[in-house]
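Architecture at a glance
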Amino acid sequence: PINPERDFRALARVGDLLVSGSLTSQVVAYHLPSREVRWRYVGEANGSVAFRIGIAADTVYVPFMNGRIVALDLADGTARWQIGDWLVNYLW
């Protein structure tokens, strides 16, 4: 397990939602006014989240250190699509 004091988090904000990546492969969206978790995505097979999470329209684009990028639905965190893997890297 990763020591939470040594975790690095990529952040992206849109409206009242803050999306946070983690070295633990988790992506969490927080509702800022209430400070509650809106949704959580766990990409264990992807490894650590890289440092450039992007948001456009209703999609969160999350690059992982294994070379994969995953597009998540902004409303509920479900994976829409993914590209790349540890053998065929997608250069994000």
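See the structure shown above.
Scope of this entry: the structure provided in the associated data block. Computed from a predicted model, the values in this text were never measured in an experiment.

**A closer look at the overall build of the protein**
- From N to C terminus, the protein includes 0 helices and 8 strands.
- Element order for the protein, N to C, with α for helix and β for strand: β-β-β-β-β-β-β-β.
- Across the 92 residues of the protein, 39% fall into the buried class.
- For the protein, restricting intrachain contacts to residue pairs at least 6 apart in sequence, the fraction spanning at least 24 positions comes to 23%.

**A look at the sheet that holds strand 1 (residues 11-14)**
- Spatial strand order, 1-2-3-4: 4 strands in an open sheet with antiparallel pairing. Two strands close off the open sheet at either side, each with one partner strand: strand 1 and strand 4 (36-42). Each adjacent strand pair in this sheet contributes to an overall mean axis angle of 15 degrees, direction not counted.
- Where strand 3 (residues 26-31) meets strand 4, 6 bridges bridge the pair, whose relative direction is antiparallel. Of the residues in strand 4, the one forming a bridge with Gln26 is Val42.

**Thoughts on the sheet that holds strand 6 (residues 59-63)**
- The sheet built from 4 strands is open, its strands ordered 5-6-7-8 with antiparallel pairing. Only two strands of the sheet have a single partner each, and these edge strands are strand 5 (54-56) and strand 8 (79-83). Across this sheet, the average inter-strand angle for adjacent strands is 20 degrees, counted without regard to direction.

**Some words on the side chain of His31**
- Positionally, His31 belongs in strand 3.
- What makes His31 buried here is its relative accessible area of 18%.

**Some thoughts on unusual backbone geometry**
- Positive phi outside glycine occurs at Ser25, with the angle close to 80 degrees.
- Within the fold, Ser25 resides in the loop between strand 2 (17-20) and strand 3.
- What makes Ser25 buried here is its relative accessible area of 3%.
- One non-glycine residue, Arg35, lies in positive phi territory at about 60 degrees.
- Residue placement: Arg35 occurs in the loop between strand 3 and strand 4.
- What makes Arg35 exposed here is its relative accessible area of 75%.

**Quick word on the packing of aromatic side chains**
- Applying the stated criterion across every chain yields a total of 2 aromatic pairs.
- With 6.0 Å between their ring centres and 50 degrees between their planes, Tyr61 and Trp81 make a pair best called tilted. Pair noted here: Tyr61 is in strand 6 and Trp81 is in strand 8, with a separation of 20 residues, a long-range link.
- Overall, the relative accessible area of 28% leaves Tyr61 in the partly exposed class.

Cut-offs applied
Residues numbered from 1 in each chain as written. Predicted model: local features only at pLDDT ≥ 70, side-chain atom pairs only at ≥ 80, totals over all residues. Heavy atoms only, no water. Helix = DSSP H or I, 4+ residues; strand = E, 2+ residues; numbered from the N terminus. Buried < 20%, exposed > 50% of the residue type's maximum accessible area, 1.4 Å probe, protein only. Contact = heavy atoms within 4.5 Å. Pairing = 2+ DSSP bridges. Axes fitted to C-alpha atoms, helices over the stretch in contact; angles between N-to-C directions. Phe/Tyr/Trp six-rings, centres within 6.5 Å; stacked < 30°, edge-to-face > 60°.

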